[in-house]
Amino acid sequence: MYNAAIKLINNNIFRGMLLGLPLLITACGGGSEKEKAKALLTEAQTAYEHKDYTAALGLIDSLKSRFPREIDVRREALHLSALATEGKTLRELESADSLVAQLNIQADSLQQKMKFVSNPIEGYYVAKTANPATFIGSTGLQARMSPDGDFYLMSSLKATAIKSISVTVSTATASATTANVAHDGERNDRSMGAEVITFMGAECDSVGHFVSENYASPMTVTFNGTSTYSQPLSQSQAHEIALVYDYSTLIRRFKIATLEKERLSKALELARSQAARTYVETPTEE
(Lines give C-alpha, C1' and ligand atoms only; values in the text may rest on other atoms or scores of the structure.)
Protein backbone atom coordinates (compact mmCIF):
# COMPACT_ATOMS: atom_id res chain seq x y z
CA MET A 1 0.00 0.00 0.00
CA TYR A 2 2.82 2.37 0.90
CA ASN A 3 4.70 1.63 -2.36
CA ALA A 4 1.55 2.22 -4.44
CA ALA A 5 1.06 5.62 -2.81
CA ILE A 6 4.69 6.61 -3.52
CA LYS A 7 4.32 5.51 -7.13
CA LEU A 8 1.15 7.60 -7.54
CA ILE A 9 2.84 10.68 -6.08
CA ASN A 10 5.86 10.27 -8.40
CA ASN A 11 3.60 9.88 -11.44
CA ASN A 12 1.69 13.05 -10.53
CA ILE A 13 4.94 14.97 -10.10
CA PHE A 14 6.23 13.71 -13.46
CA ARG A 15 2.97 14.70 -15.21
CA GLY A 16 3.15 18.10 -13.58
CA MET A 17 6.68 18.58 -14.85
CA LEU A 18 5.60 17.64 -18.38
CA LEU A 19 2.66 20.04 -18.28
CA GLY A 20 4.86 22.86 -17.04
CA LEU A 21 7.64 22.25 -19.60
CA PRO A 22 6.12 24.33 -22.45
CA LEU A 23 5.72 27.27 -20.08
CA LEU A 24 9.32 26.88 -18.99
CA ILE A 25 10.55 26.73 -22.59
CA THR A 26 8.54 29.84 -23.51
CA ALA A 27 9.88 31.71 -20.51
CA CYS A 28 13.46 30.78 -21.36
CA GLY A 29 12.97 31.69 -25.04
CA GLY A 30 12.15 35.30 -24.19
CA GLY A 31 8.95 35.66 -26.21
CA SER A 32 7.70 34.96 -29.72
CA GLU A 33 9.76 35.17 -32.87
CA LYS A 34 8.00 38.42 -33.78
CA GLU A 35 8.84 39.96 -30.40
CA LYS A 36 12.48 38.98 -30.78
CA ALA A 37 12.58 40.45 -34.29
CA LYS A 38 11.00 43.68 -33.05
CA ALA A 39 13.52 43.86 -30.22
CA LEU A 40 16.36 43.70 -32.75
CA LEU A 41 14.64 46.33 -34.88
CA THR A 42 14.36 48.60 -31.82
CA GLU A 43 18.09 48.16 -31.15
CA ALA A 44 18.83 49.03 -34.77
CA GLN A 45 16.60 52.10 -34.56
CA THR A 46 18.41 53.27 -31.43
CA ALA A 47 21.80 52.80 -33.12
CA TYR A 48 20.54 54.77 -36.13
CA GLU A 49 19.31 57.63 -33.94
CA HIS A 50 22.78 57.76 -32.33
CA LYS A 51 24.27 57.94 -35.84
CA ASP A 52 25.99 54.58 -35.41
CA TYR A 53 25.03 53.52 -38.92
CA THR A 54 27.42 50.56 -39.09
CA ALA A 55 25.93 49.05 -35.92
CA ALA A 56 22.40 49.66 -37.19
CA LEU A 57 23.13 47.89 -40.46
CA GLY A 58 24.75 44.98 -38.60
CA LEU A 59 21.67 44.54 -36.40
CA ILE A 60 19.39 44.64 -39.44
CA ASP A 61 21.49 41.97 -41.17
CA SER A 62 21.17 39.83 -38.05
CA LEU A 63 17.39 40.35 -38.03
CA LYS A 64 17.11 39.30 -41.68
CA SER A 65 19.12 36.12 -41.19
CA ARG A 66 17.49 35.05 -37.89
CA PHE A 67 13.86 35.85 -38.66
CA PRO A 68 13.19 35.23 -42.36
CA ARG A 69 9.44 34.66 -41.76
CA GLU A 70 8.73 37.92 -39.94
CA ILE A 71 7.73 39.78 -43.10
CA ASP A 72 6.19 42.85 -41.46
CA VAL A 73 9.19 43.46 -39.21
CA ARG A 74 11.58 42.85 -42.11
CA ARG A 75 9.66 45.42 -44.16
CA GLU A 76 10.21 48.02 -41.46
CA ALA A 77 13.85 46.97 -41.23
CA LEU A 78 14.26 47.42 -44.99
CA HIS A 79 13.32 51.09 -44.72
CA LEU A 80 15.60 51.59 -41.71
CA SER A 81 18.40 49.88 -43.62
CA ALA A 82 18.00 52.36 -46.48
CA LEU A 83 18.08 55.28 -44.02
CA ALA A 84 21.19 53.91 -42.27
CA THR A 85 22.89 53.33 -45.63
CA GLU A 86 22.04 56.90 -46.59
CA GLY A 87 23.55 58.25 -43.37
CA LYS A 88 26.68 56.12 -43.66
CA THR A 89 27.17 57.01 -47.33
CA LEU A 90 26.65 60.72 -46.68
CA ARG A 91 29.31 60.63 -43.98
CA GLU A 92 31.74 58.83 -46.33
CA LEU A 93 30.93 61.29 -49.11
CA GLU A 94 31.75 64.23 -46.85
CA SER A 95 35.13 62.65 -46.06
CA ALA A 96 35.79 61.94 -49.75
CA ASP A 97 34.87 65.51 -50.68
CA SER A 98 37.25 66.84 -48.05
CA LEU A 99 40.06 64.61 -49.33
CA VAL A 100 39.52 65.72 -52.94
CA ALA A 101 39.68 69.37 -51.89
CA GLN A 102 42.83 68.78 -49.84
CA LEU A 103 44.61 66.88 -52.64
CA ASN A 104 43.61 69.54 -55.14
CA ILE A 105 45.23 72.25 -53.02
CA GLN A 106 48.43 70.21 -52.64
CA ALA A 107 48.55 69.43 -56.36
CA ASP A 108 48.07 73.10 -57.27
CA SER A 109 50.96 74.00 -54.97
CA LEU A 110 53.30 71.48 -56.59
CA GLN A 111 52.16 72.38 -60.08
CA GLN A 112 53.71 75.82 -59.60
CA LYS A 113 57.10 74.08 -59.46
CA MET A 114 56.57 72.15 -62.71
CA LYS A 115 56.77 73.06 -66.38
CA PHE A 116 55.36 71.45 -69.51
CA VAL A 117 57.72 70.52 -72.33
CA SER A 118 56.24 70.23 -75.83
CA ASN A 119 57.29 67.21 -77.85
CA PRO A 120 56.30 65.99 -81.37
CA ILE A 121 55.42 62.56 -79.93
CA GLU A 122 53.99 63.46 -76.52
CA GLY A 123 54.60 66.40 -74.23
CA TYR A 124 55.66 65.85 -70.64
CA TYR A 125 56.21 67.61 -67.33
CA VAL A 126 59.53 68.13 -65.56
CA ALA A 127 60.63 70.23 -62.62
CA LYS A 128 61.03 73.90 -63.51
CA THR A 129 64.76 73.75 -62.77
CA ALA A 130 65.33 70.76 -65.11
CA ASN A 131 66.76 71.20 -68.61
CA PRO A 132 65.68 68.36 -70.91
CA ALA A 133 67.58 69.83 -73.87
CA THR A 134 70.99 69.33 -72.23
CA PHE A 135 70.18 66.15 -70.32
CA ILE A 136 70.71 63.72 -73.20
CA GLY A 137 74.46 63.35 -73.57
CA SER A 138 75.18 64.01 -69.92
CA THR A 139 75.50 61.52 -67.05
CA GLY A 140 72.70 61.42 -64.53
CA LEU A 141 68.96 60.93 -64.01
CA GLN A 142 65.92 62.98 -64.95
CA ALA A 143 62.32 62.44 -63.82
CA ARG A 144 59.40 63.16 -66.12
CA MET A 145 55.63 62.86 -65.95
CA SER A 146 53.19 62.21 -68.79
CA PRO A 147 50.13 64.45 -69.28
CA ASP A 148 48.06 61.67 -67.66
CA GLY A 149 50.19 61.83 -64.50
CA ASP A 150 52.39 58.76 -65.09
CA PHE A 151 55.87 58.97 -63.57
CA TYR A 152 58.87 57.83 -65.59
CA LEU A 153 62.62 58.11 -65.21
CA MET A 154 65.38 58.62 -67.75
CA SER A 155 69.03 57.73 -67.29
CA SER A 156 71.85 59.04 -69.43
CA LEU A 157 75.39 57.64 -69.23
CA LYS A 158 78.04 59.60 -71.15
CA ALA A 159 81.05 58.98 -68.92
CA THR A 160 81.77 55.43 -70.11
CA ALA A 161 80.30 52.59 -72.15
CA ILE A 162 79.05 49.65 -70.07
CA LYS A 163 75.93 48.65 -72.04
CA SER A 164 73.74 49.72 -69.13
CA ILE A 165 70.31 48.18 -68.59
CA SER A 166 69.35 49.48 -65.13
CA VAL A 167 70.28 52.01 -62.46
CA THR A 168 70.56 51.88 -58.68
CA VAL A 169 70.19 54.82 -56.32
CA SER A 170 71.66 54.34 -52.86
CA THR A 171 72.36 56.08 -49.58
CA ALA A 172 74.85 54.89 -46.96
CA THR A 173 72.30 52.41 -45.60
CA ALA A 174 69.75 51.53 -48.31
CA SER A 175 69.15 51.40 -52.05
CA ALA A 176 66.56 50.95 -54.79
CA THR A 177 67.05 49.58 -58.31
CA THR A 178 65.01 49.90 -61.48
CA ALA A 179 63.89 46.94 -63.54
CA ASN A 180 66.16 45.89 -66.42
CA VAL A 181 65.40 47.41 -69.82
CA ALA A 182 67.22 45.52 -72.57
CA HIS A 183 68.89 47.38 -75.41
CA ASP A 184 66.33 47.82 -78.21
CA GLY A 185 67.32 51.09 -79.88
CA GLU A 186 64.25 52.84 -78.51
CA ARG A 187 63.73 52.75 -74.75
CA ASN A 188 67.34 51.67 -74.36
CA ASP A 189 69.26 53.64 -76.98
CA ARG A 190 73.00 53.96 -77.56
CA SER A 191 73.03 55.96 -80.77
CA MET A 192 73.24 59.53 -79.42
CA GLY A 193 76.70 59.45 -77.93
CA ALA A 194 75.36 58.20 -74.59
CA GLU A 195 73.49 55.24 -73.15
CA VAL A 196 69.96 56.56 -72.66
CA ILE A 197 67.25 54.46 -70.98
CA THR A 198 63.61 55.28 -70.33
CA PHE A 199 62.12 53.46 -67.34
CA MET A 200 58.33 53.45 -67.25
CA GLY A 201 55.85 53.13 -64.38
CA ALA A 202 56.51 50.09 -62.20
CA GLU A 203 60.03 49.77 -63.65
CA CYS A 204 61.16 52.84 -61.73
CA ASP A 205 58.49 53.50 -59.10
CA SER A 206 60.64 52.09 -56.29
CA VAL A 207 63.51 54.41 -57.24
CA GLY A 208 61.20 57.44 -57.43
CA HIS A 209 59.80 56.61 -53.99
CA PHE A 210 63.29 56.03 -52.57
CA VAL A 211 64.58 59.38 -53.82
CA SER A 212 61.46 61.14 -52.55
CA GLU A 213 62.06 59.67 -49.08
CA ASN A 214 65.81 60.37 -49.00
CA TYR A 215 66.56 63.31 -51.30
CA ALA A 216 67.93 65.41 -48.43
CA SER A 217 70.65 62.80 -47.82
CA PRO A 218 73.75 62.23 -49.98
CA MET A 219 72.95 59.65 -52.68
CA THR A 220 74.85 57.73 -55.30
CA VAL A 221 73.60 56.65 -58.72
CA THR A 222 75.04 53.44 -60.15
CA PHE A 223 74.60 52.40 -63.77
CA ASN A 224 74.44 48.61 -64.17
CA GLY A 225 75.52 46.77 -67.32
CA THR A 226 78.43 44.55 -68.30
CA SER A 227 80.14 46.43 -65.47
CA THR A 228 79.03 49.29 -63.22
CA TYR A 229 79.68 52.99 -63.08
CA SER A 230 78.87 55.15 -60.03
CA GLN A 231 78.85 58.83 -59.25
CA PRO A 232 77.10 61.08 -56.70
CA LEU A 233 73.51 61.93 -57.57
CA SER A 234 73.45 65.72 -57.60
CA GLN A 235 71.26 67.46 -55.06
CA SER A 236 69.43 69.27 -57.85
CA GLN A 237 68.60 66.04 -59.71
CA ALA A 238 67.52 64.33 -56.49
CA HIS A 239 65.22 67.24 -55.64
CA GLU A 240 63.75 67.27 -59.16
CA ILE A 241 63.08 63.51 -59.07
CA ALA A 242 61.38 63.83 -55.68
CA LEU A 243 59.27 66.75 -56.90
CA VAL A 244 58.04 64.98 -60.05
CA TYR A 245 57.41 61.73 -58.17
CA ASP A 246 55.41 63.50 -55.45
CA TYR A 247 53.40 65.43 -58.03
CA SER A 248 52.64 62.24 -59.98
CA THR A 249 51.59 60.48 -56.77
CA LEU A 250 49.26 63.35 -55.89
CA ILE A 251 47.71 63.27 -59.36
CA ARG A 252 47.04 59.52 -59.02
CA ARG A 253 45.58 59.93 -55.53
CA PHE A 254 43.41 62.82 -56.75
CA LYS A 255 42.03 60.71 -59.60
CA ILE A 256 41.23 57.81 -57.25
CA ALA A 257 39.63 60.13 -54.70
CA THR A 258 37.54 61.79 -57.41
CA LEU A 259 36.30 58.42 -58.67
CA GLU A 260 35.44 57.40 -55.11
CA LYS A 261 33.54 60.66 -54.63
CA GLU A 262 31.55 60.00 -57.81
CA ARG A 263 30.80 56.42 -56.68
CA LEU A 264 29.58 57.61 -53.29
CA SER A 265 27.42 60.32 -54.89
CA LYS A 266 25.65 57.66 -56.96
CA ALA A 267 25.36 55.37 -53.94
CA LEU A 268 23.76 58.20 -51.96
CA GLU A 269 21.18 58.81 -54.68
CA LEU A 270 20.41 55.09 -54.74
CA ALA A 271 20.02 54.94 -50.93
CA ARG A 272 17.68 57.94 -50.92
CA SER A 273 15.63 56.43 -53.70
CA GLN A 274 15.38 53.14 -51.82
CA ALA A 275 14.40 54.94 -48.61
CA ALA A 276 11.56 56.66 -50.46
CA ARG A 277 10.38 53.39 -52.03
CA THR A 278 10.44 51.43 -48.76
CA TYR A 279 8.70 54.03 -46.61
CA VAL A 280 5.73 52.52 -44.81
CA GLU A 281 3.23 55.00 -43.39
CA THR A 282 2.25 54.14 -39.83
CA PRO A 283 -1.56 54.07 -39.48
CA THR A 284 -2.98 56.58 -36.98
CA GLU A 285 -5.93 55.98 -34.69
CA GLU A 286 -8.94 58.20 -35.27
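Residues numbered from 1 in each chain as written. Predicted model: local features only at pLDDT ≥ 70, side-chain atom pairs only at ≥ 80, totals over all residues. Heavy atoms only, no water.

Draft legend 1. Representation of the overall build of the chain. In terms of helices and strands, the chain carries seven helices and 10 strands. Burial status across the chain gives 36% buried among its 286 residues. The contacts in the chain between residues at least 6 apart in sequence include a share of 61% that link residues at least 24 apart. Accessible area of the chain: about 17,100 Å², with a carbon and sulfur share of 55%. (Helix = DSSP H or I, 4+ residues; strand = E, 2+ residues; numbered from the N terminus. Buried < 20%, exposed > 50% of the residue type's maximum accessible area, 1.4 Å probe, protein only. Contact = heavy atoms within 4.5 Å. Areas by Shrake-Rupley, 256 points an atom, 1.4 Å probe, with all protein chains shown as cover.)

Draft legend 2. Main features of helix α6 (residues 205-214). All of the buried residues along α6 are Val207, Gly208, Phe210, Val211 and Ser212. Contacts from the buried residues of α6 go to β4 (151-157), β5 (166-170), β6 (175-177), β9 (219-224) and α7 (235-277).

Draft legend 3. Geometry of the packing of helix α2 (residues 33-49) against helix α3 (residues 53-66). Viewed as axis vectors pointing N to C, α2 and α3 meet at an angle of 165°, and their least axial separation amounts to 7 Å. For the element pair α2 / α3, the angle class is roughly antiparallel. The handedness of the crossing between α2 and α3 comes out as left-handed. From α2, Ala37, Leu40, Leu41, Glu43, Ala44, Ala47 and Tyr48 reach across to α3, where they touch Tyr53, Ala55, Ala56, Leu59, Ile60, Ser62, Leu63 and Arg66. A per-class count over the contact of α2 with α3 returns 12 nonpolar, one polar and two charged. (Axes fitted to C-alpha atoms, helices over the stretch in contact; angles between N-to-C directions. Parallel < 35°, antiparallel > 145°, perpendicular 65-115°, else oblique. Left-handed = near helix turned anticlockwise from the far one by under 90°. Nonpolar A, V, L, I, M, F, W, Y, C, P; charged D, E, K, R; others polar.)

Draft legend 4. How the structure looks around the sheet that holds β9. Pairing is antiparallel across the open sheet formed by four strands, whose spatial order is β6-β5-β9-β10. Of all strands in the sheet, those bounded by a partner on one side alone are β6 and β10 (228-233). Strand-to-strand twist in this sheet, taken as the mean axis angle between neighbours without regard to direction, amounts to 20°. Inspection of the sheet shows β9 paired to β10 by six bridges, in the antiparallel sense. Bridged to phenylalanine 223 within β10 is tyrosine 229. (Pairing = 2+ DSSP bridges.)

Draft legend 5. Main features of the pattern of salt bridges. Counted under the stated rule, the structure contains eight salt bridges. A salt bridge links arginine 252 to aspartate 205; the shortest N-O distance between them is 4.0 Å. Of this pair, arginine 252 sits in helix α7 while aspartate 205 sits in helix α6, and the two are 47 residues apart along the sequence. (Salt bridge = Lys/Arg side-chain N within 4 Å of Asp/Glu carboxyl O.)

Draft legend 6. Unusual backbone geometry, seen in detail. For lysine 51, which is not a glycine, the phi torsion comes out positive at approximately 65°. With respect to the secondary-structure elements, lysine 51 resides in the loop between α2 and α3. Residue lysine 163 is not a glycine yet carries a positive backbone phi of 55°. Position of lysine 163 relative to the elements: it lies in the loop between β4 and β5. A residue is classified by how much of its surface remains accessible, and lysine 163, at 51% relative accessible area, is exposed.

Draft legend 7. Region of interest: the nonpolar core. Counting 36 residues, the largest nonpolar core has Leu141, Phe151, Leu153 and Val169 as the members making the most contacts within it. Elements supplying a minimum of two residues to this core: α4 (71-111), β3 (140-145), β4, β5, β8 (195-200), α6, β9 and α7. Setting aside residues up to four positions removed in sequence, valine 169 forms contacts with Leu141, Ala174, Ser175, Ala176, Val207, Phe210, Val211, Met219, Thr220 and Leu233. In terms of nonpolar packing, the next biggest core, distinct from the first, is built from 11 residues, Leu41, Leu63, Val73 and Ala77 among them. (Core = buried A, V, L, I, M, F, W, Y, C linked by side-chain atoms within 4.5 Å.)

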